[in-house]
Amino acid sequence: MAKEKKSQEIIQRASETGASIASSLAEQSKSIQNPPNFSFKVDEKGLSEHVIREISKSKGEPDWMLQKRLASYKIYKSKPMPNFGPDLSKLNLDDLTNYVRPEGHSTRSWSEVPDDIRKTFDRLGVPAAERDFLAGVSAQYDSEVLYNNIQKELESQGVIFMSMDQALREHEELVKKYFMTTCVPAGDNKFSALHGAVWSGGSFVHVPKGVKIERPLQIYFIMNYPQYGQFEHTIIIAEEGAEVQYIEGCTAPHYSSASLHSAVVEIFAKKDSRVRYTSVQNWSKNVYNLNTKRALVGENATMEWISGTLGSGVTMLYPCSVLQGRGARADHLAIAFAGEGQVKDSGAKVIHQAQDTHSVVVSKSISIGGGHNTYRGLERILPGCKGSSTHVRCDSMILDELSSASTIPSMQIEEKDVSAGHEATVGRISAEQLMYLRSRGISEEEATRLIVAGFIEPVLKALPMEYAVEINRLIEMEIEGM
Amino acid sequence: MPAKTRQRELRISNLRATISKKPILQGVSLSISPGEIHAVMGPNGSGKSTLCHALIGQPDLNVEGKAELDGENLLAMPIEQRAKIGLFLSYQNPVAVPGVNLANYLRTIYNAARAPAPPISIPEFEKVVQKEMTTLRMDESFLERYLNDGFSGGEKKRCETLQMALLQPKYVLLDEIDSGLDVDALRIISKDILRLQKERKFGILLITHYARILQFLKPDKVHVMRAGRIVRSGGHLLADKIEKEGYAQVDGVDA
């Protein structure tokens, strides 16, 4: 009961915050700073060295970054497409200029925004200013007052929290040390290489030794620049004993006309640190969402990945934890939702490289209206990593005859003194549960909604309350449409 | 059809049920008035639990015959509607629904039962549920658990009784509520049900294999079921006879 009350309060608070942001936005519209803007004439179809040089030049980047971009581009050209996962044949990579359009967030009129997205805004009660931003009608979402206050607090603790472009200007050495070096090198896969060549946007977080940030860094609410670049690059560094929670994305649908999004996230969780990275994604269904996210986890450090993947047409997402130091730990919690026309290929990857390292993966997927979910996972324990453990639980729920789900787990255990377990279920709504709930006087639809909400509850409860409430509402809407 | 004075009773006549074409109930008739307790006894496989499932509307059963609740045709209704007009089944083994918070769930079914009246607020519901839980000696922390998930046998039965108290049914089907309970637990749960029944005057159809529970929930009528038929009906003494002599001795005697 107490918990429920709390959720009510939080919903209320969340919507108040929304309202106050909206009103401050109106007042501040004059003071919105434009993001570093760059533009170039497209005289050639497809990506070329020339285009990449133009991007780098227009952003005034140091030469090493340009060289990095060019080297990435070379790798991109030589790398084959992934030999697993969903069909990417409709992704037209020969016409990449469409994807790297420098405005990133071009504005459009409301009449271009699809009906289903507008309907969802209504249903979620998204404030008008946010709708404009999310639908791409306004170029950016700004909340400078809030942002400035938090920024002051963070600065006093020595925390760096800024856009990647700004960090490249103001903390060049730090960026140089961590940007696509030891965590996600450009050559990791074709899309990380493409990302290395054309990245823009994203954020940079550096938390000094021993600093514990209590308030989660919620990038959607507090960064004053367009967060949703198509190739945003995020780096989070938690120095020894530091703690940080980082939340990006939002549950409201985010309309994009660009059909390829390929982000890279690099996390460095050093000795005794604790990092929680939460992402919620609800891109429109025309989007290919192909990301690379990885964390290097040091001695006795804890890395938590929490993700809600709701939108986009095709998603490939396998957050990876490399447990490098003794006693390192990784928790991966994920909800993937696939509705009409959606293919979700997602999972987790954990590499145990030290003794006494532990990982837990919990994945819940829901398929409805013809959607398809694949869980794809790899847990690897290297020789000598004694006393380590890995446990994977993935459950897939299929809500109708049109939909499907599959599970492709893989465990490579190369040490004897470890514990490893994998549990997977794939199933429909249990007839017995449905019968029980209906016999208490609730409709089949409502009973289904309850069962589904219960199914994802173990992951939902790790999300901030307002996100959990909204994810539930979105899934409710899909069930109503069954 | 001409309007008849609606008889207030749960009236079952010539009820037949098959599952995958296999006959389970082969013509069962009985009528329960508000405030009455009827016990249906029988050996395993006699079809007594199927009687409950047929009445509540379990989808895989093919049911024919008649079943009316205060004059309304149960068999023509979807499951949830049967519950709404006042039929409650206390399950022999209630299924767990992981992740579904009990407080949330109870409020959902409470509001569904009250519809079309507007749903009551969370604080209002809290008062209602706390009152019922206090009477049932249930701890408030129970509400934070997931529905039937990891519940002991006794906890499951108490949770069923709590739902019964909240939904205020007119007729209650108790499907082998004695299974998985020791004598003390059985005595307590029986007392709770009896108290509710005295207060609210609902009719009870009690399904059991053993006469033991009938010491606590004294039936007005006892029916003995065998191979999908009621083979004998009588008063409380019939139960005593079964307890002493077994089903074989009361078999074959006309109802």
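Residues numbered from 1 in each chain as written. Chains lettered and ligands numbered in written order. Predicted model: local features only at pLDDT ≥ 70, side-chain atom pairs only at ≥ 80, totals over all residues.

Draft legend 1. A look at the confidence of the model for chain B. Residues and elements named next belong to chain B. On average, residues of chain B carry a pLDDT of 91, and 95% of them reach 70 or more. Considering each helix and strand of chain B separately, the mean pLDDT is smallest for helix 8 (residues 247-250), with a value of 71, and largest for strand 6 (residues 87-90), with 98. The complex prediction reports pTM at 0.80, with the ipTM value standing at 0.95. (pLDDT = per-residue confidence, 0-100. Helix = DSSP H or I, 4+ residues; strand = E, 2+ residues; numbered from the N terminus.)

Draft legend 2. Representation of helix 1 (residues 48-56) of chain B within the structure. Within helix 1 of chain B, nine of the nine residues are buried, which leaves it mostly tucked inside the rest of the structure. Taken together, the buried positions of helix 1 of chain B are Lys 48, Ser 49, Thr 50, Leu 51, Cys 52, His 53, Ala 54, Leu 55 and Ile 56 of chain B. (Buried ≥ 20, exposed ≤ 12 C-beta atoms within 10 Å, placed from the backbone.)

Draft legend 3. Geometry of the interface of chain B and chain A. Each partner contributes residues to the interface: chain B has 29 residues there, and chain A has 22 residues. Mapped by element, the contributors of at least two residues to the side of chain B that touches chain A are helix 2 (79-84), helix 3 (102-114), helix 4 (122-135) and helix 5 (153-167) of chain B. Top element by residues in the side of chain B that touches chain A is helix 3 of chain B. It accounts for seven residues. Grouping the constituent residues of the side of chain B that touches chain A by class yields 20 nonpolar, five polar and four charged. (Contact = placed C-beta atoms within 7 Å. Nonpolar A, V, L, I, M, F, W, Y, C, P; charged D, E, K, R; others polar.)

Draft legend 4. Local environment of helix 5 of chain B. Residue and element names in this part refer to chain B. The end-to-end C-alpha distance of helix 5 is 21 Å, a good match for the 21 Å that 15 residues give at a rise of 1.5 Å each. The buried fraction of helix 5 amounts to 11 of the 15 residues, a majority that puts the element mostly inside the structure. The set of residues buried in helix 5 consists of Lys 156, Lys 157, Arg 158, Cys 159, Glu 160, Thr 161, Leu 162, Gln 163, Met 164, Ala 165 and Leu 167. Elements that come into contact with the buried residues of helix 5 comprise strand 6, helix 3, helix 4, strand 7 (171-175) and helix 6 (183-200). At the C-terminal side of helix 5, Gln 168 shows a positive phi close to 50°. (Expected span 1.5 Å × (residues − 1).)

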